[in-house]
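Commentary on secondary and tertiary structure
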Amino acid sequence: QVQLVESGGGFVQPGGSLKLSCAASGNNLNVNAMSWFRRAPGSERELVARITVGGTTLYRDSVKGRFTISRDNAKNTVYLQMNSLKPEDTAVYYCKAVITIPLMGDRLYDYWGQGTQVTVSS
């Protein structure tokens, strides 16, 4: 079984910082691209940032210069450092990992974390 466990959400004032973590666990996993998505109240889920196994990153325009995605391949963990937070960053944040299980073949599987609430308010 594969699990993605998120942590690090919470309450913060505008201009503050939070760091989210998401760790993938299971037997004989190969973790490929990892991403952070978010869903604000009344809105559709949107991509925040993505990072490949080699470290290439992609950010949505509204978080460029404020958020940094990184990963620790030895720990199968992805991080999202969020600085200069704004009220419009308030959302439930979800991590996603693209995973292969070599024993089961070359098929790619998407796995999602449980979500963590980030609230930015004065």
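Above this text is the structure in question.
Structure report, in brief. (Residues numbered from 1 in each chain as written. Predicted model: local features only at pLDDT ≥ 70, side-chain atom pairs only at ≥ 80, totals over all residues. Heavy atoms only, no water.)

Thoughts on the state of the cysteines
- Scanning all chains against the criterion turns up one disulfide.
- One disulfide in the model links Cys-22 with Cys-95; its S-S distance is 1.8 Å. On the sign convention where negative means left-handed, the S-S torsion of about 45° between Cys-22 and Cys-95 marks this disulfide as right-handed. Pair noted here: Cys-22 is in strand β3 (residues 18-25) and Cys-95 is in strand β9 (residues 91-100), with a separation of 73 residues, a long-range link. (Disulfide = S-S within 2.5 Å. Helix = DSSP H or I, 4+ residues; strand = E, 2+ residues; numbered from the N terminus.)

Let's talk about unusual backbone geometry
- Even without glycine at this site, Asn-28 takes up a positive phi of about 55°.
- With respect to the helices and strands, Asn-28 occurs in the loop between β3 and β4 (30-39).
- A positive phi angle, close to 50°, is found at Asn-76, a residue other than glycine.
- Within the secondary structure, Asn-76 sits in the loop between β7 (67-72) and β8 (77-82).

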